[in-house]
Amino acid sequence: MTDLPLALVTGASRGIGKAVAHQLAPTHRLLLGGRDAAALEALAKELPGAKPWPVELTNPDSLASAVADIESLDVLVHSAGVARIGRIEDVSAEAWRDNFEVNTLAVVELTRLLLPALRAASGHVVVINSGAGRNARPGWSPYAASKFAVRAFADALREEEPEIRVTSVYPGRTDTEMQQEIFKGEGRDYDTSHLLKADSVATAVVTAVSATPDAHQTEVILRPR
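If you're wondering where the values come from, they're calculated on a predicted model, not measured in any experiment. (Residues numbered from 1 in each chain as written. Predicted model: local features only at pLDDT ≥ 70, side-chain atom pairs only at ≥ 80, totals over all residues. Heavy atoms only, no water.)

1. A look at the side chain of S130
Inference 1: Assignment of secondary structure puts S130 in the loop between β5 (124-128) and α5 (141-160).
Inference 2: Here the side chain of S130 touches A132 through a polar contact of 2.9 Å, landing on its backbone nitrogen.
Inference 3: Residues within four places of S130 in sequence aside, it is in contact with Y143, K147, V169, Y170 and P171. (Helix = DSSP H or I, 4+ residues; strand = E, 2+ residues; numbered from the N terminus. Polar contact = N/O pair within 3.5 Å; in protein donor to acceptor, adjacent residues only side chain to side chain. Contact = heavy atoms within 4.5 Å.)

Rendered as structure tokens:
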């Protein structure tokens, strides 16, 4: 087990992050990132070679301390995220800040701190973006803006760090706890019939990560059938 490559997955306690962790577990040692320490402990017991990595991603000091012992990292999956949505006239500055703090700045800072470890392993960064990172619709501007920003970050990182593979994944609406909250905010009954499964997104992530060394899957766009 100690010979397996190391992957860090943020947002691993639920949704897409949890699905990614399950699918990477057979081939990777795992650091399970998230805020809910109890949920991470429970998940780690299910996955051989997995360790909880509880951290507040928006706290730079905590983040710096948490990464201090990571000398080499093969895979970094950014799955943690929030969705504060609403029309421009209604959404507060605080909601805009929440989106950017978690969806953009936390991704930037964690990646920046881990660049030496990623370089040491010629590693792979996967950013779970969103369809909203390619198309801003009415009522979604705070969230979409943060996802457009992290898309730009990933594109720049890919150019600046040619030895590191960088993949942006753009799933459509996916059956997760976050999506349930979004439906509730929209005043809609939760209906999964036209949603992607979290496991389907995770499969796309694993496919990109396991690509042959000569291949670099820069973008993956997924939509429900």
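2. Brief notes about unusual backbone geometry
Inference 1: The phi angle at S122 is positive, at roughly 50°, despite the residue not being glycine.
Inference 2: On the secondary structure map, S122 appears in the loop between α4 (93-121) and β5.
Inference 3: Using a relative accessible area of 46% as the deciding quantity, one classes S122 as partly exposed. (Buried < 20%, exposed > 50% of the residue type's maximum accessible area, 1.4 Å probe, protein only.)

3. Observations concerning the sheet that holds strand β1 (residues 6-9)
Inference 1: Reading across the sheet, the seven strands line up as β3-β2-β1-β4-β5-β6-β9 and stay open at both edges, with parallel pairing between neighbours. Lying at the two open borders of the sheet, with one neighbouring strand each, are β3 (50-54) and β9 (219-222). Each neighbouring strand pair of the sheet contributes to a mean axis angle of 15°, computed without reference to strand direction. (Pairing = 2+ DSSP bridges. Axes fitted to C-alpha atoms, helices over the stretch in contact; angles between N-to-C directions.)

4. Concerning helix α1 (residues 15-24)
Inference 1: With seven of its ten residues buried, α1 lies for the most part within the structure.
Inference 2: Those residues of α1 that fall on the buried side of the exposure criterion are G15, I16, G17, A19, V20, A21 and L24.

5. Overview of the pairing of strand β6 (residues 165-171)
Inference 1: Across the seven residues of β6, seven count as buried, placing the element largely inside the fold.
Inference 2: A two-sided burial pattern is seen for β6, the buried positions comprising R165, T167, V169 and P171 on one face and V166, S168 and Y170 on the other.
Inference 3: Where β5 and β6 come together, five bridges link them in parallel fashion. Bridge pairing links I128 to V169 in β6.
Inference 4: As judged from the four bridges shared by β6 and β9, these two strands associate in the parallel manner. Paired with P171 across the two strands is L222, which belongs to β9.

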